[in-house]
Amino acid sequence: MSDTPFGFGLSPEEPEDGDEGKKKDPQSGGGQGPASPFGFGGLPGAGGFGGPGGPGADNPLAAMFGSLNPNDLGAAFQQLGQMLSYEGGPVNWDMAKQIARQTVSQGTSDGTKDASVGPTERTAVEDAVRLADLWLDDATSLPSGAGSAVAWSRAEWVEATLPAWKELVDPVAERVGAAMGDVLPEEMQAMAGPLIGMMRSMGGAMFGSQIGQAVGVLAGEVVGSTDIGLPLGPAGRAALLPVNIEAFGKDLGVAKDEVRLYLALREAAHQRLFAHVPWLRSHLFGAVEGYARGIKVDTAKLEDVVGQFDPQNPEQLQDALQQGMFQPEDTPEQKAALARLETALALVEGWVDAVVHAAAKPRLTSADALRETLRRRRATGGPAEQTFATLIGLELRPRRLRDASRLWASLTDARGVDGRDALWAHPDMLPTASDLDDPDGFVHREHMDFSELDKMLGEAASGGLDEKPNLKKDDDGTDSKGDDTE
């Protein structure tokens, strides 16, 4: 995955050239040469802008198109037209989808190619999710949340998750799009309407290119629809990717059926949480949007990049972009938004880790090994960290995930499964970032029962409030009437 947030270059490989995405000749502008800053680096047969003395050194347009194979010239102009004519939102999602599909078709770095899912694999996934749900009944009070189970190819994962990516990324893209228009001096903006429109079209293509590449790479890593702790797929549909599960378990020395079942447990646990905690999805996506609102664009750097652009030296532009243009505001509000997002994601992943371990430990001999493998995967920069770092400059801290898992396990020991899961009744009942630093203090603290408060407010609104209920709940989940013991 690219380290450049919202970089311009397309993938250096073109998967639809009939050669399964083989490397282009470096002299033809693919693979080894610097990517074209406006996304032409991945065009079939496209040359780079050309360095000093290279083809078309005195003519940027000739350098851009002069080395094109005549059969590919139409494709070049088609993509150029797509970039400049785009009039949609802040991200060109059609381009993002196209590039994601192209990235998927190239295969992963280990040589694994995408493949359609056959009936045998679909049946195996359905059976694994069904069994996982039975096991989870003993580990959590939340009922099943998966109305169906599906087996996806990587391409199907891209198609199914793009609506969620749109919701996550558009807030950041809107800020950057506005900043690109602000690069011009104020006195020129009124006269530069067409230019600003073109810049925003290019900005939409820029976002679409980078997001498409990021999502395409991620499709080669994830094993389900909830790997990054967010519900990316359709509600109530547990999804696993057989080709990625095969790659995940390849060198683990664990039976394939056990690997599939353990990952099905994780997917089914996520589905229970998102299905039966109705406020959770909006809470998580709202936290991402709140963090995005605090991101500022370094307009000075953006202005320098645009003003110093030299078609004969695209390396300078690429270097400038690799330094990044997005910085979080160093304000209390932005720090709070970051803590809220990281803590919420950590709590989701920590709960799933604790619940799955409780369900798998008595039944799977490889439960400990698979748990540790997934933990190491997160700690070394798994899909969640890479994707958020690329798309919105956010890096999740694995330490929080481990702390959250320990806290949920302690809550299970102290309050039981029902008492632990009751904390999901209201966002204000959940642990905070400081609680993750002091799990014992949180476990033994008394907590308000917000479900009773909501009931009281509802009765007051309907005129049926007769008495003020006690807002304290005992460990067994029953209301206490004047009893101060826990």
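Residues numbered from 1 in each chain as written. Predicted model: local features only at pLDDT ≥ 70, side-chain atom pairs only at ≥ 80, totals over all residues. Heavy atoms only, no water.

Engineer: What should I look at first to understand the overall build of the protein in this one?
Structural biologist: On a plain count of helices and strands, the protein comes out with 19 helices and four strands. Counting only residues that meet the buried cut, the protein has 50% of its 486 residues in that class. A separation of at least 24 residues holds for 75% of the contacts in the protein among residues at least 6 apart in sequence. For the protein, the accessible surface area stands at approximately 21900 Å², while carbon and sulfur atoms represent 51% of it. (Helix = DSSP H or I, 4+ residues; strand = E, 2+ residues; numbered from the N terminus. Buried < 20%, exposed > 50% of the residue type's maximum accessible area, 1.4 Å probe, protein only. Contact = heavy atoms within 4.5 Å. Areas by Shrake-Rupley, 256 points an atom, 1.4 Å probe, with all protein chains shown as cover.)

Engineer: Teacher, can you tell me more about helix H10 (residues 280-293) here?
Structural biologist: Within an α-helix, residues lying three or four positions from one another point in the same direction, as the helix has 3.6 residues per turn. Along its 14 residues, H10 runs 20 Å from first to last C-alpha, staying within 8% of the 20 Å computed at 1.5 Å per residue. Restricting attention to buried positions, one finds in H10 the residues Leu280, His283, Leu284, Phe285, Ala287, Val288, Gly290, Tyr291 and Ala292. (Expected span 1.5 Å × (residues − 1).)

Engineer: Honestly, helix H9 (residues 256-276) in this entry has me stumped. Any pointers?
Structural biologist: Look at H9: 30 Å from first C-alpha to last across 21 residues, which is about the 30 Å you get at 1.5 Å a residue. The element H9 is extensively covered by neighbouring structure, given that 16 of its 21 residues are classed as buried.

Engineer: Help me out: how do you make sense of the nonpolar core in this one?
Structural biologist: Where a protein is soluble and globular, its nonpolar side chains tend to be buried together. Trp157, Trp165, Leu280, Leu284, Trp351, Trp408 and Trp424 are the most contacted members of the largest nonpolar core, which has 96 residues in total. Apart from residues no more than four positions distant in its own chain, Leu280 is found in contact with Leu273, Phe274, Val348 and Trp424. (Core = buried A, V, L, I, M, F, W, Y, C linked by side-chain atoms within 4.5 Å.)

Engineer: Quick question: what am I supposed to make of the pattern of salt bridges here?
Structural biologist: Think of it this way: side chains of opposite charge can pair up when their charged atoms draw near. By the definition in use, this model includes 20 salt bridges. Between Glu159 and Arg101 there is a salt bridge, with its nearest N and O atoms 2.6 Å apart. Here Glu159 is found in helix H5 (residues 154-182), whereas its partner Arg101 is found in helix H3 (residues 93-106), with 58 residues between them in sequence. Overlapping salt bridges, with partners in common, bring together Arg400, Asp403, Arg406 and Asp437 in one network. (Salt bridge = Lys/Arg side-chain N within 4 Å of Asp/Glu carboxyl O.)

Engineer: Please explain the packing of aromatic side chains as it appears in this structure.
Structural biologist: The geometry of an aromatic ring pair comes down to the distance between the two centres and the angle between the two planes. Throughout the structure, instances matching the rule amount to three aromatic pairs. Look at Trp351 and Trp424: their rings are 6.4 Å apart centre to centre, the planes differ by 85 degrees, and that puts the pair in the edge-to-face class. Residue Trp351 is found in helix H13 (residues 332-360), and its partner Trp424 is found in the loop between helix H16 (398-421) and helix H17 (433-437); the two are separated by 73 residues along the sequence. Each member of the pair, Trp351 as well as Trp424, carries the same accessibility label: buried. (Phe/Tyr/Trp six-rings, centres within 6.5 Å; stacked < 30°, edge-to-face > 60°.)

Engineer: Could you clarify how one ought to interpret the packing of helix H4 (residues 119-136) against H9 in this entry?
Structural biologist: Each pair of packed helices gets described by two things: the angle between the helix axes and the distance between those axes. Packing of H4 against H9 leaves a shortest axis separation of 8 Å and a crossing angle of 65 degrees. Every pair of crossing elements has a handedness; the one defined by H4 and H9 is right-handed. Between H4 and H9, the contacting residues are Ala124, Val125, Ala128, Val129, Leu131, Ala132, Asp133, Trp135 and Leu136 on the first element and Arg260, Leu261, Ala264, Leu265, Ala268, Ala269 and Arg272 on the second. Across the contact of H4 with H9, the residue classes tally to 13 nonpolar, no polar and three charged. (Axes fitted to C-alpha atoms, helices over the stretch in contact; angles between N-to-C directions. Left-handed = near helix turned anticlockwise from the far one by under 90°. Nonpolar A, V, L, I, M, F, W, Y, C, P; charged D, E, K, R; others polar.)

Engineer: When you look at the side chain of Asn92 in this model, what are you seeing that I'm missing?
Structural biologist: Structurally, the position occupied by Asn92 is in the loop between helix H2 (70-85) and H3. Within the structure, the side chain of Asn92 is placed 3.4 Å from the backbone nitrogen of Asp94, a separation counted as a polar contact. A distance of 3.0 Å separates a polar side-chain atom of Asn92 from the backbone nitrogen of Met95. (Polar contact = N/O pair within 3.5 Å; in protein donor to acceptor, adjacent residues only side chain to side chain.)

Engineer: Honestly, the pairing of strand S1 (residues 148-151) in this entry has me stumped. Any pointers?
Structural biologist: On S1, burial follows the alternation: Ala149 and Ala151 on one face are buried, whereas Ser148 and Val150 on the facing-out side are not. Pairing geometry for S1 and strand S2 (residues 237-240), over four bridges, is parallel. What sits directly across from Val150, in S2, is Ala239. (Pairing = 2+ DSSP bridges.)

Engineer: Just to check I follow, could you spell out the environment of Val222 for this structure?
Structural biologist: Tracing the backbone shows Val222 in the loop between helix H7 (193-219) and S2. Residues Val222 and Ile245 lie 23 residues apart in sequence; the distance between their C-alpha atoms is 8.4 Å.

Engineer: Help me understand the environment of Ala238 in this model?
Structural biologist: With respect to the helices and strands, Ala238 occurs in strand S2. For the pair Ala238 and Ala264, spaced 26 residues apart in sequence, the C-alpha to C-alpha distance is 8.2 Å. With near-sequence residues (within four places) excluded, Ala238 lies in contact with Val129, Ala146, Ser148, Ala149, Val150, Glu267 and Gln271.

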